[in-house]
Each structure stands twice: as structure tokens, then as C-alpha cells.
Amino acid sequence: MEELQKAGLYIDEIYRLRVQDPRLANQTIELRQECLEYSRNLQELKKFGEDFYKISNNFAKDVEKEKLRAIGTQNQLKTMAKQRQSEQQVYQSQIVEQTVELERLKSEYQYLQRIESEQQDIINNFLMNQ
């Protein structure tokens, strides 16, 4: 058997003639299986990475949509606040105008009452003098 080993030939555990040392052949087979397992694990990791990228990318798109929607809503609220402020200013100016008109009418009413009173006095004096 040593003579065969010197010639580079080996006999395995089932007594077949081999060119490679059976221990080295078994290690080679184990290494090949480990490499295949490593390759499968690497492919699975790659798939997980791609899935994670797709999920995070979709999530980022959803976040961006919500962000834009929130900005739009915020702008609408600002516009509504400005409209309310503008309406309030219009109402305030109308109140001032109505108040000025009321004061003018009160003055005019007082003036007319004074005139009526004077005319009534004149009528009364005229009637008494007759």
C-alpha cells in the first residue's frame, strides 16, 4: 500500500483506487458543500437586501407623499387664516362706517329735534299772540 502511495495512488474506505488521498478528497467534498451552503446563504442575504431596499424605498415614497400632503394642508390653513383676517378687517371697516353713519344720524336727529322745538315755540307764540 505504501508503494501505491509513493506512486500517488490511494485506496479509499470502500477499497476503490483513487488518485487523491481519501482524507483530502473528503475535505474537498466538505469544502465544496460548505461553499455551496455559503453561496446559498449569500444569495438569500442578497434577496433580503433587495427586499429591504424595495420596502424602504416604498416607505420613503409614502413619507414624501404624506409630507407634501401635510405641506399642502398647512398652506391651506395659512390661506384660510389670511382670508379670515381679511374678512375681519372688512367687517371692522364696515363697523366703523356704520358707527360714523350712526353718529351722523344722531346729530342730524338732534338738530331736527331742535328745529322742531323752535318751530313749535314759534307756532305757540304766534297762537298766543293772536
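Residues numbered from 1 in each chain as written. Predicted model: local features only at pLDDT ≥ 70, side-chain atom pairs only at ≥ 80, totals over all residues. Heavy atoms only, no water.

Attention now goes to the overall build of the protein. Scanning the protein for helices and strands turns up two helices and two strands. In the protein, the succession of helices and strands from N to C terminus is α-β-β-α. Whereas a compact globule of 130 residues would reach a radius of gyration of roughly 14 Å, the protein reaches 53 Å, over 25% beyond that. Expressed as a percentage of the 130 residues in the protein, the buried residues total 3%. For the protein, the accessible surface area stands at approximately 12500 Å², while carbon and sulfur atoms represent 56% of it. (Helix = DSSP H or I, 4+ residues; strand = E, 2+ residues; numbered from the N terminus. Rg over C-alpha atoms; globule rule 2.2 N^0.38 Å. Buried < 20%, exposed > 50% of the residue type's maximum accessible area, 1.4 Å probe, protein only. Areas by Shrake-Rupley, 256 points an atom, 1.4 Å probe, with all protein chains shown as cover.)

On to the confidence of the model for the protein, then. Counting all residues, the mean pLDDT for the protein is 91, and 92% of those residues have values of 70 or more. Mean pLDDT per element in the protein: strand E2 (residues 17-18) is the minimum at 68, and helix H2 (residues 22-129) is the maximum at 95. (pLDDT = per-residue confidence, 0-100.)

We now examine the pattern of salt bridges. Going through the model one piece at a time under the given rule, you end up with five salt bridges. Two residues, Arg 69 and Glu 66, come together in a salt bridge whose shortest N-O distance is 2.9 Å. With a gap of three residues between them, Arg 69 and Glu 66 both fall in helix H2, about one helical turn apart. Taking the relative accessible area as the measure of exposure, Arg 69 reaches 54% and is therefore exposed. Counted as one network, the salt bridges with shared partners bring together Glu 101, Arg 104 and Glu 108. (Salt bridge = Lys/Arg side-chain N within 4 Å of Asp/Glu carboxyl O.)

The next point concerns the environment of Ala 60. Looking at the element boundaries, Ala 60 is found in helix H2. Judged by its relative accessible area of 42%, Ala 60 is partly exposed. Each C-alpha atom of the pair Ala 60 and Gln 94 lies 51 Å from the other, and the pair is 34 residues apart in sequence.

Assignment of secondary structure puts Cys 35 in helix H2. Linking Cys 35 and Gln 113, residues 78 residues apart in sequence, is a C-alpha distance of 114 Å.

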